[in-house]
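Breakdown of the fold
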Amino acid sequence: LDVLLKRLPRAANKPDYLPFAALKGKLPWPANGTAIAPFGSSRLDDRAHWQGVLIEGRAGDEVRAVAPGRVAFAEWLRGFGLMTIIDHGDGYMTLYGHSQALYKGVGNRVEAGEVIAAMGASGGNERPGVYFEIREQGVPRDPLAWCRPQEPKPGRRN
């Protein structure tokens, strides 16, 4: 994954929207669900650590962009299944893996809250969910520090 991220073209340093760094602590979660594997925890195979969070949900549930940007990658990636990577400029990227369907292609501009994929279990994930990661200059950052807590939905378990 690190090699892929280094090869992706970068967005211009001056995006035409609020800089990603200004959104720290204010970003929404990319999907409704329960975080079952937090940042830094051991992966299911115990050989590596999560560099993001795994949010469990229902197959087909919407996965949304947490901030505006351009899609830099949208295809299958071994171990992550169908993955979308969004470049937000200034060295910030968000990654969304294990999708069952991707709705945006490379080069597409996306807005905050826009549906980019359907939650799934691709890439070897046993249960439906979305793997979500935030990178700053290629370094993984804890999404809990960037995203505001999820608010429970009426009549639905979060």
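Residues numbered from 1 in each chain as written. Predicted model: local features only at pLDDT ≥ 70, side-chain atom pairs only at ≥ 80, totals over all residues. Heavy atoms only, no water.

A separate point is the pattern of salt bridges. For the coordinates displayed, the defined rule picks out 7 salt bridges. Taking the shortest distance from any N to any O, the salt bridge between Glu-56 and Arg-127 comes out at 2.6 Å. With Glu-56 in strand E2 (residues 53–56) and Arg-127 in the loop between strand E8 (115–119) and strand E9 (129–136), this pair connects stretches of sequence that are 71 residues apart. Between Glu-133 and Arg-135 there is a salt bridge, with the nearest N and O atoms lying 2.4 Å from each other. Of the two residues, Glu-133 and Arg-135, both sit in the buried class. (Salt bridge = Lys/Arg side-chain N within 4 Å of Asp/Glu carboxyl O. Helix = DSSP H or I, 4+ residues; strand = E, 2+ residues; numbered from the N terminus. Buried < 20%, exposed > 50% of the residue type's maximum accessible area, 1.4 Å probe, protein only.)

Glancing now at the confidence of the model for the protein. Counting all residues, the mean pLDDT for the protein is 84, and 75% of those residues have values of 70 or more. Mean pLDDT values over the elements of the protein span from 68, in helix H1 (residues 2–7), up to 98, in E8. Low confidence marks residues 154–158, where pLDDT is under 50. Its contacts with residues over four positions away, or in another chain, come to 10 contacts. (pLDDT = per-residue confidence, 0-100. Contact = heavy atoms within 4.5 Å.)

All right, on to the side chain of Glu-133 then. Among the secondary structure elements, Glu-133 is positioned in strand E9. On the basis of relative accessible area, Glu-133 is assigned to the buried category, the value being 0%. At 2.4 Å, the side chain of Glu-133 forms a polar contact with the side chain of Arg-135. (Polar contact = N/O pair within 3.5 Å; in protein donor to acceptor, adjacent residues only side chain to side chain.)

To continue, consider the environment of Ala-74. The residue Ala-74 is located in strand E4 (residues 69–77) in this model. Separated by 42 residues in the primary sequence, Ala-74 and Ile-116 have C-alpha atoms spaced 9.8 Å apart. Apart from residues lying up to four places away in sequence, Ala-74 is in contact with Met-83, Thr-84, Leu-102, Lys-104, Gly-105 and Val-106.

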